[in-house]
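Analysis of the macromolecular model
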Amino acid sequence: MTLSRTTRRPLLLVVSAVALALTASGCGAILDEITGPSEAQRDEPGGEVTEASDADVFSVQVGDCIVTAKLPDGENVESVPVVPCSEPHDAEVYAETELPEGDYPGDEAIQASADEFCLGEFEAFVGLSYDESAYYYWPFTPREEGWNTLDDRVIQCVLDTDGTDVTGSLQGTAS
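Model, not experiment: these values are computed from the prediction.

**Points about the overall build of the protein**
Secondary structure summary: the protein contains four helices and six strands in total. Mapped from its N terminus to its C terminus, the protein presents α and β elements in the order α-α-β-β-β-β-α-β-α-β. Among the 175 residues that make up the protein, the fraction classed as buried is 33%. Contacts in the protein between residues far apart in sequence, at least 24 positions, make up 59% of those at least 6 positions apart. By element, 51% of the accessible surface of the protein is carried by carbon and sulfur atoms, the whole surface being about 10,800 Å².

This is the structure in structure tokens:
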């Protein structure tokens, strides 16, 4: 179906009015489905997540708690289901580093850098060595497209309880 010039303008006005009404009426979640993820809601000055949301992956910070069952499938993650750490969750971002400028080093090199960094930070955060811990880690790593177009160089380490819900931070739990 092709719209004529005379029907496009009224249709555009109707769509704009509906989007404005959704935003003003508190139905922003519907609009988020259309426009994509947004920044996580945080308190001031601590920056802790204050309400559950699907946060843009680039807004995730060290200390954020995640519900992994709600993570999207696939390698490319655009949004991350964050919750206040006082609510049940099974993962927490525990460390972050930025890789140096330069050409994309390749998936294997990035994974090796992530493993070295995350493993090195694990014991200091958990309070037990990785081999002794019941938890494991996995990293958020930059992809080639993000490296080249968004200057994404960040590796974030995520501590995972393997599906066991916890409340509060996992820092110093020695588990």
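**Focus on the state of the cysteines**
For the structure on display, the rule yields two disulfides. Covalently, Cys-65 is tied to Cys-85 through a disulfide, its sulfur atoms 1.9 Å apart. Negative torsions about the S-S bond denote left-handed disulfides, and the value of about 95° found for Cys-65 with Cys-85 makes this one right-handed. Residue Cys-65 is found in strand β2 (residues 65-66), and its partner Cys-85 is found in the loop between β3 (79-83) and β4 (91-98); the two are separated by 20 residues along the sequence. Its relative accessible area of 0% is what places Cys-65 among the buried residues. In this model Cys-118 forms its disulfide with Cys-157; the gap between the sulfur atoms is 2.1 Å. Measuring the twist about the S-S bond at about -85°, one finds the Cys-118-Cys-157 disulfide to be left-handed. With Cys-118 in helix α3 (residues 107-126) and Cys-157 in strand β6 (residues 154-160), the pair connects residues that are 39 residues apart, well separated along the chain.

Definitions and limits used
Residues numbered from 1 in each chain as written. Predicted model: local features only at pLDDT ≥ 70, side-chain atom pairs only at ≥ 80, totals over all residues. Heavy atoms only, no water. Helix = DSSP H or I, 4+ residues; strand = E, 2+ residues; numbered from the N terminus. Buried < 20%, exposed > 50% of the residue type's maximum accessible area, 1.4 Å probe, protein only. Contact = heavy atoms within 4.5 Å. Areas by Shrake-Rupley, 256 points an atom, 1.4 Å probe, with all protein chains shown as cover. Disulfide = S-S within 2.5 Å.

Function cannot be read off these values alone, since they describe shape.
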